[in-house]
Structures are given as structure tokens and as C-alpha cells.
Amino acid sequence: EASRLGRNPLDGYRPSLPVGETLDFGRGAFLKYEEEGLAAMRGAAFVLVAGGLGERLGASGIKLDLPAELATGTSFLALYAQHILALGAAAGSAACLPL
């Protein structure tokens, strides 16, 4: 309604930055958060919503089979699976992550 009447619905809004933390790779809080993340990873699930054929992109197959890395030709689906397996191995739960 405000937009229809020419009023800015964000008038008076003042953006602000959230309070954050600077992490040093491999030290202190970074290691603590990494450990927490890997523990949470043991109960994680991954979902990939398929997007159909890549005809509009000039491909004859599915979009998930398109290369995500030009140097290696690795498909998006293969890269996605590799990342999940690497996370599972780091978390010590590779056998628990069905693909």
C-alpha cells in the first residue's frame, strides 16, 4: 500500500552491521568453531534440487552434468559430491553420508 501511494516503506530504516569476530586461521576461536561445525556435520543432510535439461544453455544433457571447473571438466554434480565426501571425512562420518 505504501509503495502504491509513493511512500518509501524503508523510510527511517537505518542499516547496521552485525557484531562480528575476526578469526585467525588455525588458531583459537577458529579451531573451536571448526570443531563445533564438524560435530554438527555428523547429523547434517544435503539436498540437491535438480533443475532439468540444459537446452537453453546449449547443452544436450542435464544441467548438473555441466562442467563446474573448466580446468578439470568436473561436473557440478561431481564437485558437489566431492565436497560432501570431504566434509564427511573431516567430520569422521563419511560412512554416514549417503549420496
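Higher on the page you've got the structure.
None of the values given here were measured: they were computed from a predicted structure.

## Comments concerning the overall build of the protein
- Helix and strand content of the protein: 2 helices and 0 strands.
- A principal-axis box enclosing the C-alpha atoms of the protein has dimensions of 55 × 50 × 30 Å.
- Among the 99 residues that make up the protein, the fraction classed as buried is 12%.
- Considering only contacts in the protein between residues 6 or more positions apart, those separated by 24 or more positions represent 31%.
- Counting only carbon and sulfur atoms, one obtains 59% of the accessible surface of the protein, whose full area is about 8,200 Å².

## A word on helix α2 (residues 76-91)
- Here α2 spans 23 Å end to end across 16 residues, near enough to the 22 Å set by a 1.5 Å rise per residue.
- If you check which residues of α2 are buried, you get Leu79, Ile84, Gly88 and Ala91.
- Those residues of α2 that are buried are in contact with α1 (28-41).
- Directly beyond the C-terminal end of α2, a positive phi value near 75° is found at Gly92.

## Observations regarding the environment of Gly26
- You can see Gly26 is positioned in the segment before α1.
- The partly exposed category is assigned to Gly26, whose relative accessible area is 35%.
- Along the primary structure Gly26 and Gly37 are separated by 11 residues, whereas in three dimensions their C-alpha atoms are 14 Å apart.

## A closer look at the packing of aromatic side chains
- Per the counting criterion, the structure on display carries 2 aromatic pairs.
- Relative to Tyr80, the ring of Phe76 has its centre 6.1 Å away and its plane inclined at 25°; by these criteria the two rings are stacked. Of this pair, Phe76 and Tyr80 both sit in helix α2, 4 residues apart, roughly one helical turn.
- A relative accessible area of 38% means that Phe76 is categorised as partly exposed.

## A few points about the side chain of Thr74
- Along the polypeptide, Thr74 turns up in the loop between α1 and α2.
- Engagement of the side chain of Thr74 in a polar contact is seen with the side chain of Thr72, the distance being 2.7 Å.
- Among residues more than four places away in sequence, those in contact with Thr74 are Leu66, Pro67, Ala68, Glu69, Leu79 and Gln82.

## Observations regarding the side chain of Ser75
- The topology assignment puts Ser75 in the loop between α1 and α2.
- Assessed through its relative accessible area of 11%, Ser75 is described here as buried.
- Discounting residues that sit within four places of it in the chain, Ser75 has contacts with Leu64, Asp65, Leu66, Pro67 and Ala68.

Reading the values: the criteria
Residues numbered from 1 in each chain as written. Predicted model: local features only at pLDDT ≥ 70, side-chain atom pairs only at ≥ 80, totals over all residues. Heavy atoms only, no water. Helix = DSSP H or I, 4+ residues; strand = E, 2+ residues; numbered from the N terminus. Buried < 20%, exposed > 50% of the residue type's maximum accessible area, 1.4 Å probe, protein only. Contact = heavy atoms within 4.5 Å. Areas by Shrake-Rupley, 256 points an atom, 1.4 Å probe, with all protein chains shown as cover. Expected span 1.5 Å × (residues − 1). Phe/Tyr/Trp six-rings, centres within 6.5 Å; stacked < 30°, edge-to-face > 60°. Polar contact = N/O pair within 3.5 Å; in protein donor to acceptor, adjacent residues only side chain to side chain.

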